[in-house]
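The chain contents come next:
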Amino acid sequence: MCGNNMSVPLLADAVTVSGAERETAAVIFLHGLGDTGHSWADALSSIRLPYVKYICPHAPRIPVTLNMKMVMPSWFDLMGLTPDAPEDEAGIKKAAENIKAIIEHEMKNGIPPNRIILGGFSQVSWAAGALPSSLQAANNGVNKDIAILQCHGEMDPMIPVRFGALTAEKLKSVVTPTKVQFKTYPGVMHSSCPQEMMAVKEFIEKLLPRI
């Protein structure tokens, strides 16, 4: 069965890195604020596995409060970068629904849900740390054995590494704590590095072995 990409808004113009052989798994990766899916498609191409499909959608362009209401690619509005900043719960919920639609599309095309990984950079990871109250209240229904890899540059000037540590602790309160890996990288700012990308590759290989 082959679903129609046009019926899933974020898939219509998403950047997809197809597998070199039969695709038995998928990675959906969300870019950060002001970026597009192209940069992460290039990065993931360097560590790709031949049986995995990599999907890098583009965020919609919306006014962002944090950046003086400038219109830019953003998964939801951002009011601040501190843990106590107000959250765009409606925007986060809408983004989650759009990502769920991609996951359901891949499932209809034959990829089992346990062979799909969701990843992201910066804004998307921050949303996981924010965990709006509505999501916290519903965490009894979360798969508590889900594996999470969280990476953070120790010299990040935008989202200090201590905030990353707080995110990791929040995630451990939702899923099995031993399933959360928090890795930091000395000298790395608000970006990725080769060591981090290798950790991502190893994480994907472990969760999505060849079948």
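Calculation notes
- Residues numbered from 1 in each chain as written.
- Predicted model: local features only at pLDDT ≥ 70, side-chain atom pairs only at ≥ 80, totals over all residues.
- Heavy atoms only, no water.
- UniProt positions renumbered as here; feature names shortened; annotations may be inferred.
- Helix = DSSP H or I, 4+ residues; strand = E, 2+ residues; numbered from the N terminus.
- Buried < 20%, exposed > 50% of the residue type's maximum accessible area, 1.4 Å probe, protein only.
- Contact = heavy atoms within 4.5 Å.
- Areas by Shrake-Rupley, 256 points an atom, 1.4 Å probe, with all protein chains shown as cover.
- Salt bridge = Lys/Arg side-chain N within 4 Å of Asp/Glu carboxyl O.
- Expected span 1.5 Å × (residues − 1).
- Arc of directions from axis to C-beta.
- Pairing = 2+ DSSP bridges.
- Right-handed = clockwise from strand over helix to strand, strands pointing away.
- 1 Å grid on protein atoms, 1.4 Å probe; cavity = no way out; pocket = protein on both sides within 12 Å on 5 of 7 lines; lining within 4 Å.
- Points joined across faces, edges and corners; volume = space filled by probe spheres on them.
- Nonpolar A, V, L, I, M, F, W, Y, C, P; charged D, E, K, R; others polar.

The name recorded for the protein in an unreviewed UniProt entry is palmitoyl-protein hydrolase, from Accipiter nisus. Quoted verbatim from the Sequence similarities (unreviewed entry) field of the UniProt record, the comment on the protein reads "Belongs to the AB hydrolase superfamily. AB hydrolase 2 family."

S.K.: Where do I start with the overall build of the protein in this structure?
M.R.: A tally of regular secondary structure across the protein gives six helices and eight strands. Traced from its N-terminal end to its C-terminal end, the protein shows the element sequence β-β-α-β-β-β-α-β-α-α-β-α-β-α. Considering the protein as a whole, with its 211 residues, one finds that 42% of them fall into the buried category. Sequence-distant contacts, at least 24 apart, represent 71% of the contacts inside the protein between residues at least 6 apart. Surface exposure of the protein reaches about 11,200 Å², of which carbon and sulfur atoms provide 58%.

S.K.: It is not clear to me how the pattern of salt bridges should be interpreted in this structure. Could you clarify?
M.R.: A side chain with one charge can pair with a side chain of the opposite charge if their charged atoms come near. This structure, assessed with the given rule, holds four salt bridges. With a closest N to O distance of 2.3 Å, Arg210 and Glu21 form a salt bridge. Here Glu21 lies in the loop between strand 1 (15–17) and strand 2 (25–30) and Arg210 lies in the segment after helix 6 (194–207), a separation of 189 residues in the sequence. Accessibility expressed as a relative area gives 37% for Glu21, which makes it partly exposed. Across the pair Lys53 and Glu106 runs a salt bridge, and its minimum N-O distance is 3.2 Å.

S.K.: I keep staring at helix 5 (residues 161–172) and nothing clicks. Help me out?
M.R.: Residues three or four positions apart in an α-helix share a direction because the helix packs 3.6 residues into each turn. The first and last C-alpha atoms of helix 5 sit 17 Å apart over 12 residues, in line with the 16 Å expected at 1.5 Å per residue. Buried within helix 5 are the following residues: Phe163, Gly164, Thr167, Ala168 and Leu171. Relative to the axis of helix 5, the buried residues are bounded by an arc of 150 degrees and lie together on one face.

S.K.: Help me out: how do you make sense of unusual backbone geometry in this one?
M.R.: What you tend to see is this: most non-glycine residues have negative phi, and most peptide bonds are trans. Even without glycine at this site, Met68 takes up a positive phi of about 55 degrees. Relative to the helices and strands, Met68 resides in the loop between strand 4 (61–64) and strand 5 (70–73). One non-glycine residue with positive phi stands out, namely Lys69, at about 65 degrees. With respect to the secondary-structure elements, Lys69 resides in the loop between strand 4 and strand 5.

S.K.: How do you make sense of helix 2 (residues 89–108) when you look at a structure like this?
M.R.: Here helix 2 spans 28 Å end to end across 20 residues, near enough to the 28 Å set by a 1.5 Å rise per residue. Every buried residue of helix 2 is listed here: Gly91, Ile92, Ala95, Ile99, Ile102, His105 and Glu106. Summarising the axial view, the buried residues of helix 2 lie within an arc of 145 degrees, below the 170-degree limit, and thus occupy one face. Across from the buried face of helix 2, at angles greater than 90 degrees, the exposed residues are Ala90, Lys93, Lys94, Lys100 and Lys108. Where helix 2 is buried, its residues contact strand 2, strand 3 (52–56) and strand 6 (116–120). Note on helix 2: the residue one or two positions beyond its end, Gly110, has a positive phi of about 105 degrees.

S.K.: I would appreciate a short explanation of the pairing of strand 8 (residues 180–185) in the present structure.
M.R.: Successive side chains on a regular strand alternate, one facing one side of the sheet and the next facing the other. The pairing of strand 7 (residues 148–153) with strand 8 spans six bridges and is parallel. Each bridged residue has a counterpart across the sheet, and for Ile148 the counterpart in strand 8 is Val180. This β-α-β element, strand 7 to helix 5 to strand 8, shows right-handed connectivity.

S.K.: Please explain the layout of surface pockets as it appears in this structure.
M.R.: A probe matching the size of a water molecule, rolled over the atoms, marks out where space remains unfilled. A volume near 160 Å³ is recorded for the second largest pocket. Along the walls of the second largest pocket sit 14 residues, with Leu33, Leu78, Ser122, Met158 and His190 positioned nearest its centre. Of the residues belonging to the lining of the second largest pocket, the class tally is eight nonpolar, five polar and one charged.

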